[in-house]
Amino acid sequence: MSSSSSSAIAERGSISVPAPFETRNPFLFCVYHKDNYPAGNGKMEAPKRGNGSDFNPNAPYRMYHGDKIPGFPQHPHRGFETFTCTMDGTIDHTDSLGCAGRYGKGDAQWMTAGSGIVHGENFPLINDSGPNTLRLFQIWVNLPRKAKMVDPGQVMHWAEEIPKFRSKDGKVEITVWAGEVEGLKALAPNPNSWAADPANDVHVLRMVLQPGGSYTLPPPAPGSNRSLYVVEGPRDPSKVVIGGEPIGAMKYVHAKQGVEISVAHKGVETDPDIELLVLQGKPIDEPVEQYGPFVMNTRAEIQQAFIDYRRTQFGGWPWDEDAVVFPKDKPRFLTVKGTTTYPPSVKA
């Protein structure tokens with residue numbers, strides 16, 4: 001991490017996969033999953049078994065906490081939200097509320113852990129005749145004290161319905177997962193989310209710039225933090241320019257507050273597109289006490305979270321397996337409180 005003399009950039013540094021990013025309040029955590037999974041077998045399994053904690057950055061893909069199917073079997077959360085924004089691949093979700101879903105390929109899931117939830121996120125290798133590439137961002141957004149113990153819940157944003165801005169020259173596309181761009185407003189998050197109040201200025205944007213493309217993000221609201229993470233594109237710094245400074249791919253910048261910031265692809269036509277994530281929002285001006293999957297305001301509240309989890313299991317796990325996956329031919333869906341919905345492209 002280093003400071004910058006730019007009028008727009010406060011700090012800059014490097015990122016790597018699958019290591020967590022350097023994030024700023026109200027964002028607690030962010031990671032870019034990019035796994036080049038091979039063809040699965042008939043059971044949607046990988047050709048290797050996991051070791052219980054496979055985060056090898058030098059491997060073409062990782063099993064994470066999965067055994068034969070990669071992913072994250074059941075685990076608890078309390079006191080914040082997960083926001084999972086996908087580009088490629090498939091995620092099967094189950095939780096202690098009995099909710100279930102299959103999503104990916106551009107879908108995004110807001111899940112409010114609130115007072116406590118246990119969920120699993122597993123990555124079935126559905127394609128048994130070719131690659132099963134997985135790309136997604138998982139973002140943890142803090143909750144204010146008043147919302148930390150609300151009832152857990154989730155909402156799914158299907159790819160077909162998520163707003164996208166495209167520049168007139170066709171060289172810039174911005175997916176609006178949260179916030180607003182050029183009058184395009186994101187779909188609503190959970191009602192208790194920090195992002196639910198427009199005054200909190202929460203933006204989660206995916207920007208894709210072709211060679212020759214450029215875009216200037218207007219100033220955020222006063223007091224908001226803004227960070228940009230370049231996860232794809234040319235490594236040559238001269239070809240990825242942010243705030244007038246050469247940056248390059250696999251880098252991040254924390255922008256100065258209250259200023260606009262430009263992004264430009266200075267490469268040639270044969271260069272890969274630039275892809276970056278923008279996280280922006282007003283900080284939650286409260287103490288943060290975090291231990292593993294629990295995020296509260298005090299150490300005593302963290303201790304109580306462990307006590308409550310041991311006592312109640314946050315409702316228990318109603319599924320037969322710790323790592324649940326659905327049949328290979330099952331389409332994208334979401335089941336909440338016994339009601340199942342599907343994206344517009346899927347006929348029930």
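Preceding this paragraph is the structure being described.
Residues numbered from 1 in each chain as written. Predicted model: local features only at pLDDT ≥ 70, side-chain atom pairs only at ≥ 80, totals over all residues. Heavy atoms only, no water.

J.: Help me out: how do you make sense of the overall build of the chain in this one?
T.: Assigned secondary structure in the chain consists of one helix and 27 strands. In terms of overall size, the chain behaves like a compact globule, its C-alpha atoms giving a radius of gyration of 20 Å where 348 residues would be expected to give roughly 20 Å. With respect to the principal axes defined by its C-alpha atoms, the chain has extents near 55 × 50 × 40 Å. Taken across its 348 residues, the chain has 55% of its residues classed as buried. Put simply, of all contacts in the chain between residues at least 6 apart along the chain, 73% involve residues at least 24 apart. In the chain, which carries 36 positive and 39 negative side-chain charges, the distance between the mean positions of the two groups comes to 1 Å. (Helix = DSSP H or I, 4+ residues; strand = E, 2+ residues; numbered from the N terminus. Rg over C-alpha atoms; globule rule 2.2 N^0.38 Å. Buried < 20%, exposed > 50% of the residue type's maximum accessible area, 1.4 Å probe, protein only. Contact = heavy atoms within 4.5 Å. Lys, Arg positive; Asp, Glu negative; His and termini not counted. Charge placed at Lys NZ, Arg CZ, Asp CG, Glu CD.)

J.: Is there a simple way to think about the pattern of salt bridges in this case?
T.: Side chains that carry opposite charge are capable of pairing whenever their charged atoms lie near each other. All chains considered together, the criterion is met by 19 salt bridges. Notably, a salt bridge pairs Glu245 with Arg12, separated by 2.6 Å at the nearest N-O pair. Linking Glu245 in strand E20 (residues 245-246) with Arg12 in strand E2 (residues 9-14), this pair joins segments that are 233 residues apart in sequence. For Glu245, a relative accessible area of 13% puts it in the buried group. Overall, the relative accessible area of 22% leaves Arg12 in the partly exposed class. Here Glu286 ties to Arg145 by a salt bridge, and the two come within 4.0 Å at their closest N and O atoms. In this pair, Glu286 is assigned in the loop between strand E23 (274-281) and strand E24 (289-291) and Arg145 in the loop between strand E10 (132-142) and strand E11 (153-157), connecting sequence segments 141 residues apart. Each member of the salt-bridge network shares a partner with another, and the members are Asp88, Arg135, Arg206 and Glu275. (Salt bridge = Lys/Arg side-chain N within 4 Å of Asp/Glu carboxyl O.)

J.: How do you make sense of the environment of Ile284 when you look at a structure like this?
T.: Considering the arrangement of structural elements, one finds Ile284 in the loop between E23 and E24. Residues Ile284 and Ile91 lie 193 residues apart in sequence; the distance between their C-alpha atoms is 30 Å. Not counting chain neighbours up to four residues away, the residues in contact with Ile284 comprise Asn25, Pro26, Asn142, Leu143, Pro144 and Trp194.

J.: I tried to follow the sheet that holds strand E27 (residues 339-341) on my own but got confused; where do I start?
T.: By way of backbone hydrogen bonds, the strands of a sheet pair with one another, either parallel or antiparallel. The strand order across the open sheet formed by six strands is E4-E9-E6-E7-E26-E27, and the pairing between neighbours is antiparallel. Taken across any chain shown, the strands that pair with only one partner, and hence form the sheet edges, are strand E4 (71-77) and E27. Sheet twist, expressed as the mean angle between neighbouring strand axes with direction ignored, is 20 degrees. Note that strand E26 (residues 333-336) and E27 share three bridges and pair antiparallel. Bridge pairing links Leu334 to Thr341 in E27. (Pairing = 2+ DSSP bridges. Axes fitted to C-alpha atoms, helices over the stretch in contact; angles between N-to-C directions.)

J.: What exactly am I supposed to notice about the nonpolar core here?
T.: Side chains of nonpolar character tend, in soluble globular proteins, to be buried together. One finds Phe21, Phe83, Phe137, Ile139, Trp177, Val204 and Leu277 to be the most contacted residues of the largest nonpolar core, which totals 28 residues. Looking at this core, the elements that each hand over two or more residues are strand E3 (27-37), strand E5 (80-88), strand E8 (108-112), E10, strand E13 (172-178), strand E18 (225-232) and E23. Among residues more than four places away in sequence, those in contact with Leu277 are Phe21, Cys30, Phe137, Ile139, Trp177, Val204, Leu205, Ser227, Leu228 and Tyr229. Core analysis: the second largest hydrophobic core is formed by 26 residues, Leu205, Leu217, Val240 and Ile261 among them. (Core = buried A, V, L, I, M, F, W, Y, C linked by side-chain atoms within 4.5 Å.)

J.: Help me out: how do you make sense of the sheet that holds strand E22 (residues 261-265) in this one?
T.: One open sheet holds the four strands; their spatial order is E17-E22-E19-E20, and the pairing between them is antiparallel. The open sheet has two edge strands, strand E17 (214-217) and E20, and neither has a second partner. Of the strand pairs in this sheet, strand E19 (residues 240-242) and E20 are connected by two bridges, and their pairing is antiparallel. From the neighbouring strand, Val241 faces E20, where its bridge partner is Pro246.

J.: What is the right way to look at empty space enclosed by the protein in this model?
T.: Rolling a probe over the atoms, with the probe sized like a water molecule, indicates the empty space that remains. For the structure on display, the rule yields one cavity of 30 Å³ or more. A volume near 40 Å³ is recorded for the largest cavity. If you trace the largest cavity, you find it lined by Thr23, Arg24, Asn25, Phe27, Asn225, Arg226, Ser227, Tyr229, Leu279 and Gln280. For the lining of the largest cavity, the elements supplying multiple residues, two or more each, are E18 and E23. Here the lining of the largest cavity is built from residues that sort into three nonpolar, five polar and two charged. (1 Å grid on protein atoms, 1.4 Å probe; cavity = no way out; pocket = protein on both sides within 12 Å on 5 of 7 lines; lining within 4 Å. Points joined across faces, edges and corners; volume = space filled by probe spheres on them. Nonpolar A, V, L, I, M, F, W, Y, C, P; charged D, E, K, R; others polar.)

J.: Explanation requested: unusual backbone geometry in the structure shown.
T.: Trans peptide bonds make up the majority, and among non-glycine residues the majority have a negative phi. Residue Pro18 is reached from Val17 by a cis peptide bond, and omega for that bond is 5 degrees. Position of Pro18 among the secondary structure elements: in the loop between E2 and E3. Put simply, Asn25 and Pro26 share a cis peptide bond, and its omega is 20 degrees. By secondary structure assignment, the location of Pro26 is in the loop between E2 and E3. One non-glycine residue with positive phi stands out, namely Asp201, at about 60 degrees. Within the secondary structure, Asp201 sits in the loop between strand E15 (184-185) and strand E16 (203-209). When its relative accessible area of 10% is taken as the criterion, Asp201 is described as buried. Positive phi outside glycine occurs at Phe314, with the angle close to 50 degrees. Within the secondary structure, Phe314 is located in the loop between helix H1 (299-312) and E26.

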